[in-house]
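Tertiary structure, described
The chain contents come next:
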Amino acid sequence: MEFILVTPQARPAVALIQLNRPKELNALNLQLMQEIRDALKALDEDDAVRVVVITGNERAFAAGADIKQMAGKTAIDMLITDQFSTWDQIRKFRKPLIGAVSGFALGGGCELAMTCDMLVASETAQFGQPEIRIGTMPGAGGTQRLTRAVGKAKAMEMVLTGEFISAQEAHRVGLVNRVVPVGQYLEEAYRLAASIAAMSPVAARLAKESVNRSFETHLDEGLHFERKNFYLTFASEDQKEGMAAFVEKRKPEFKGR
Ligand code: CO8
């Protein structure tokens, strides 16, 4: 990997992906996105990994798609490159994915953050969809995920003016889960990851799938989908272990089976 660093056991059962193009503020070129996709695929298949944290550095999570790489492209170049198939594969990651965001999360960087299941932000984090300032618009889900996360009025304002919002405002409008001092954002993400890693990985996977389903379907179908996944947890050893441990007043030990 040239543009990311992957640590499969950064903490027990918790992997870390760190974007590593610091001079370019982690601008997302095509190769970097492919590396994230490949890393996630490998971590998805690794039974020792239960949760993944993705981060940048203190100054930037990612300042967007690589403008220098995109600038001269035609619409047909974009169509043929089909970079969003990479994003589609990233979106299919089945384990909990936590973004640890500090500094800039702009354009594609904000969109990458929004593909995470939860976000921990440092006090210096800034979120924005500034594509309008360079004559284009969000293309990796920004108009859709941001609107679902923060509502129409705020999403319109961010997408049409390109203005950034602070970590505190992102928290207030429901884009991020928690905001912590800059020295603590990664540790806080690990803490959140560890608490999820202690749960049944089978249940976590089915629950994530069910929550995500709520964005893609109507209530009746969503409830039906949830119910099927709920029933499916009863096929797992983890459900037997979890309920037995409750009855026996001990801590459960989940095996992911
Ligand atoms: N692409 C390429 N290079 C970048 C990018 C970027 N998005 N952002 C920063 N850089 C580079 C700068 O060119 C500079 O390089 P150099 O030192 O060689 O000149 C270096 O990073 C440091 O940046 P600055 O000197 O500009 O740092 P400042 O602190 O002065 O400013 C900003 C920081 C405000 C973040 C500023 O760099 C900026 O405005 N960056 C661009 C933000 C932006 O417009 N992002 C949206 C890009 S478009 C997009 O994301 C489309 C998404 C849809 C497709 C997704 C596919 C991945």
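Criteria and cut-off values
- Residues numbered from 1 in each chain as written.
- Predicted model: local features only at pLDDT ≥ 70, side-chain atom pairs only at ≥ 80, totals over all residues.
- Near = placed C-beta within 6 Å.
- Helix = DSSP H or I, 4+ residues; strand = E, 2+ residues; numbered from the N terminus.
- Nonpolar A, V, L, I, M, F, W, Y, C, P; charged D, E, K, R; others polar.
- Core = buried A, V, L, I, M, F, W, Y, C linked by C-beta atoms within 7 Å.
- Buried ≥ 20, exposed ≤ 12 C-beta atoms within 10 Å, placed from the backbone.
- Contact = placed C-beta atoms within 7 Å.
- Pairing = 2+ DSSP bridges.
- Axes fitted to C-alpha atoms, helices over the stretch in contact; angles between N-to-C directions.
- Parallel < 35°, antiparallel > 145°, perpendicular 65-115°, else oblique.
- Left-handed = near helix turned anticlockwise from the far one by under 90°.

Below, the discussion takes up the site of the ligand. In the vicinity of the ligand lie 22 residues, with Ala 27, Gly 64, Ala 65, Gly 107 and Gly 108 positioned nearest. Breaking the shell around the ligand down by element, the ones donating at least two residues are helix H2 (67-70) and strand S6 (104-106). For the shell around the ligand, a count of residues per class yields 13 nonpolar, five polar and four charged.

Our next topic: the nonpolar core. Val 53, Ile 98, Ala 105, Ala 121, Ala 189 and Ala 193 are the most contacted members of the largest nonpolar core, which has 67 residues in total. A per-element tally of this core places helix H9 (residues 185-197) first, with eight residues. Excluding residues within four positions of it along the chain, Ala 105 makes contact with Phe 61, Ala 62, Cys 110, Ala 113, Ala 125, Gln 126 and Phe 127.

This part is about the pairing of strand S3 (residues 51-55). On a regular strand, each side chain points to the face opposite its neighbour's, so the side chains alternate between the two faces of the sheet. Taking burial as the measure, the five residues of S3 include five buried ones, the bulk of the element. What you see with S3 is no split at all: Val 51, Val 53 and Thr 55 on one side and Val 52 and Ile 54 on the other are buried throughout. Of the pairings in the sheet, the one linking strand S2 (residues 14-19) to S3 comprises five bridges and is parallel in character. Within S3, the position partnered with Ala 15 by the bridge is Val 52.

Turning our attention to the sheet that holds S6. Read from one edge to the other, the open sheet built from four strands follows the order S4-S6-S8-S9, with strand pairing classed as mixed. If you trace the sheet from one side to the other, it starts and ends with strand S4 (60-62) and strand S9 (165-166), each paired once. Bridge count between S4 and S6: two bridges; the pairing is parallel. Following the sheet pairing, Ala 60 is matched in S6 by Phe 104. Each of S4, S6 and strand S8 (126-128) is contacted by helix H5 (residues 108-115), which is oriented at about 95 degrees to S6, the strand it contacts most.

Let's shift gears to the sheet that holds strand S5 (residues 97-101). What the six strands build is an open sheet, ordered S1-S2-S3-S5-S7-S10; its pairing is mixed. Strands at the two margins of the open sheet, each flanked by one partner only, are strand S1 (4-11) and strand S10 (178-180). The sheet shows a mean angle of 20 degrees between the axes of neighbouring strands, taken without regard to direction.

What follows deals with the packing of helix H6 (residues 142-150) against helix H7 (residues 152-161). At their nearest, the axes of H6 and H7 sit 7 Å apart, and the two run at 140 degrees to each other. Here H6 is positioned oblique relative to H7, judged by the angle of their axes. Like other packed secondary-structure pairs, H6 and H7 cross with a definite hand, here right-handed. Of the residues in H7, those in contact with Gly 142, Thr 143, Leu 146, Thr 147 and Val 150 of H6 are Lys 152, Lys 154, Ala 155, Met 158 and Val 159.

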